[in-house]
Amino acid sequence: QLQLVESGGGLVEAGGSLRLSCAASGGIFSAYAMGWFRQAPGKGREFVAGINSAGENTAYLDSVKGRFTISRDNAKNTVYLQLNSLKPEDTAVYYCAAKVLIYSTTSAAYRVWGQGTQVTVSS
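Residues numbered from 1 in each chain as written. Predicted model: local features only at pLDDT ≥ 70, side-chain atom pairs only at ≥ 80, totals over all residues. Heavy atoms only, no water.

S.K.: For this particular structure, what's the right way to read a nonpolar patch on the surface?
M.R.: Taken together, the side chains of Val 100, Leu 101 and Ile 102 present a nonpolar region at the surface, about 300 Å² in accessible area. Mapped onto the elements, Ile 102 comes out in the loop between β9 (92–100) and β10 (112–113). (Patch = residues over 30% accessible without salt bridge, like charges linked within 9 Å, V, L, I, M, F, W, Y side chains within 5 Å. Areas by Shrake-Rupley, 256 points an atom, 1.4 Å probe, with all protein chains shown as cover. Salt bridge = Lys/Arg side-chain N within 4 Å of Asp/Glu carboxyl O. Helix = DSSP H or I, 4+ residues; strand = E, 2+ residues; numbered from the N terminus.)

Put into structure tokens, the structure is as follows:
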């Protein structure tokens, strides 16, 4: 069964950058679309970015367009989320998730989740 492990979170000042990684194991990574979600304290989990299994199509939350970039390396079984121009409102636990073939903006569509990595942006 596919398992996911996120890394790369941390504390950064507003305007800074981070790169999150999500390493997959135990399955055929290239068969899965991947999504990044985030959950801030007291809020629901929201879609941040998605990428299809081949890496040809991507989608983003409007508020992160132009600042965040999702990518994947199927040879390394890893999906990335580059976070630039970070804002305090980006503070959240970031999760990666997997579903077959085509990404979705709905968290319920994803069957496999990582444990999350904390991103904290100070003002």
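S.K.: What exactly am I supposed to notice about the environment of Thr 106 here?
M.R.: Following the sequence through the fold, Thr 106 ends up in the loop between β9 and β10. On a C-alpha basis, the gap between Thr 106 and Gly 15 in space is 28 Å, while along the polypeptide they are 91 residues apart.

S.K.: Looking at this structure, how should I read the pattern of salt bridges?
M.R.: Once the charged atoms of two side chains with opposite charge are near each other, the side chains can pair. Counted by the stated rule, this structure contains 4 salt bridges. Here Arg 38 and Glu 46 are joined by a salt bridge, their closest N and O atoms 2.7 Å apart. Residue Arg 38 is classed as buried on the basis of its relative accessible area, which comes to 6%. On the basis of relative accessibility, which here comes to 32%, the residue Glu 46 falls in the partly exposed class. Taking the shortest distance from any N to any O, the salt bridge between Asp 90 and Arg 67 comes out at 2.8 Å. With a gap of 23 residues between them, Asp 90 in the loop between β8 (78–83) and β9 and Arg 67 in the loop between β6 (58–60) and β7 (68–73) connect regions that are remote in the sequence. Accessibility classification places Asp 90 together with Arg 67 in one group, the buried group. Linked by salt bridges that have partners in common, Arg 38, Glu 46, Arg 67 and Asp 90 make up one network. (Buried < 20%, exposed > 50% of the residue type's maximum accessible area, 1.4 Å probe, protein only.)

Function-wise, these values are silent; they only describe arrangement.
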